[in-house]
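# Fold and contact review
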Amino acid sequence: VQLQASGGGLVQAGGSLRLSCAASGLTFSSYDMGWFRQAPGKEREFVAAIGWSGGRINYAESVKGRFTISRDNARYTAYLQMNSLKPEDTAVYYCAADSRRWLVLSTTLGEYDYWGQGTQVTVSS
């Protein structure tokens, strides 16, 4: 199983980025997908999750109204559209896959089965 995150970069505050997570080696439509981030010196934290069919979505309070998670099961890819970026959004962003498909999307790192390698997002003030 491989999850390849991409799309990170350097952007000014107020700008936008779109992250992608390309999956292989698994039946993508059978997995809930999540995005997490880790800033320097901080623990990895939940950002957003989307259910296997796209019908369930959950966001961290800190990104609600600014970030949008989506997926394309035909392309085996999940996305995170990030708008109105702030310097505090600077972090390495990771995508992850969760096979449990519970009613409530997981926000817990340990409940995700597979992780991508991360992509750096830097927001300058």
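Structure: above.
Reference entry: report on the structure contained in this document. (Residues numbered from 1 in each chain as written. Predicted model: local features only at pLDDT ≥ 70, side-chain atom pairs only at ≥ 80, totals over all residues. Heavy atoms only, no water.)

## Regarding the state of the cysteines
What counts here: Count a disulfide wherever a pair of cysteine sulfur atoms falls within 2.5 Å. In this text, helices come from DSSP runs of H or I with a minimum length of four residues, and strands from runs of E with a minimum of two, each type numbered from the N-terminal end. Only protein chains enter the accessibility calculation, which uses a 1.4 Å probe. A residue is then buried if its area is under 20% of the maximum for its type, exposed if over 50%, and partly exposed in between.
Applying the stated criterion across every chain yields a total of 1 disulfide. Across the disulfide, Cys21 is cross-linked to Cys95 (sulfur-sulfur distance 2.1 Å). Taking the torsion about the S-S bond as the criterion, the Cys21 to Cys95 disulfide, at about 70°, is right-handed. Remark: Cys95 occurs in strand S9 (residues 91–98) and Cys21 occurs in strand S3 (residues 17–24); sequence separation between them is 74 residues. Judged by relative accessible area, Cys21 falls into the buried class, the value being 0%.

## Observations regarding the environment of Asn73
Counted only if it meets this: By definition in these notes, contact holds between two residues if any of their heavy atoms fall within 4.5 Å. We call two N or O atoms a polar contact when they sit within 3.5 Å, provided that within protein one can donate a hydrogen and the other can accept it, with sequence-adjacent residues counted only if both atoms are side-chain atoms.
Assignment of secondary structure puts Asn73 in the loop between strand S7 (67–72) and strand S8 (77–82). On the accessibility criterion, Asn73 (26% relative accessible area) is partly exposed. Spatially, the C-alpha atoms of Asn73 and Leu103 are 19 Å apart, while their sequence positions differ by 30 residues. Ignoring any residue separated from it by four or fewer positions in sequence, one finds Asn73 in contact with Phe28, Ser29 and Trp52. A distance of 3.0 Å separates a polar atom in the side chain of Asn73 from the backbone oxygen of Trp52. In this structure the side chain of Asn73 is engaged in a polar contact, spanning 2.7 Å, whose partner is the side chain of Arg71.

## Some remarks on the side chain of Ser106
Inspection of the secondary structure assignment puts Ser106 in the loop between S9 and strand S10 (114–115). Of note is the side chain of Ser106, whose polar atom sits 3.1 Å from the backbone nitrogen of Thr108. Not counting the four nearest positions on each side in its chain, Ser106 is found in contact with Phe46, Ala49, Asp98, Arg100, Glu111 and Tyr112.

## A closer look at the packing of aromatic side chains
Quick reminder of the rule: Here is the rule: rings of Phe, Tyr and Trp (six-membered ring for Trp) pair when centre to centre is within 6.5 Å. Planes less than 30 degrees apart are stacked, more than 60 are edge-to-face, and the remainder are tilted.
Per the stated rule, a full pass over the model turns up 6 aromatic pairs. Ring plane angle 55° and centroid distance 6.1 Å describe the contact between Tyr31 and Tyr114, whose orientation is recorded as tilted. Here Tyr31 is found in the loop between S3 and strand S4 (32–38), whereas its partner Tyr114 is found in strand S10, with 83 residues between them in sequence. Taking 5.0 Å as the distance between ring centres and 55° as the angle between the ring planes, the aromatic pair formed by Phe36 and Trp115 counts as tilted. Residue Phe36 is located in strand S4, and its partner Trp115 is located in strand S10; the two are separated by 79 residues in the primary sequence. You can call Phe36 buried: its relative accessible area is 0%.

## Considerations on the pairing of S8
Short version of the rule: Each pair of strands is called paired provided DSSP finds at least two bridges between the two strands.
Most of S8 sits inside the fold, with 5 of its 6 residues counted as buried. Where S3 meets S8, 6 bridges bridge the pair, whose relative direction is antiparallel. Bridge pairing in S8 places Leu19 opposite Leu80. By the bridge criterion, 6 bridges tie S7 to S8 in an arrangement that is antiparallel. Within S8, the position partnered with Ile69 by the bridge is Leu80. Counting the residues between successive antiparallel strands, the hairpin from S7 to S8 contains 4 residues, one of them, Tyr76, with a positive phi of roughly 55°.

Scope: geometric values only; no functional claims are made or implied.
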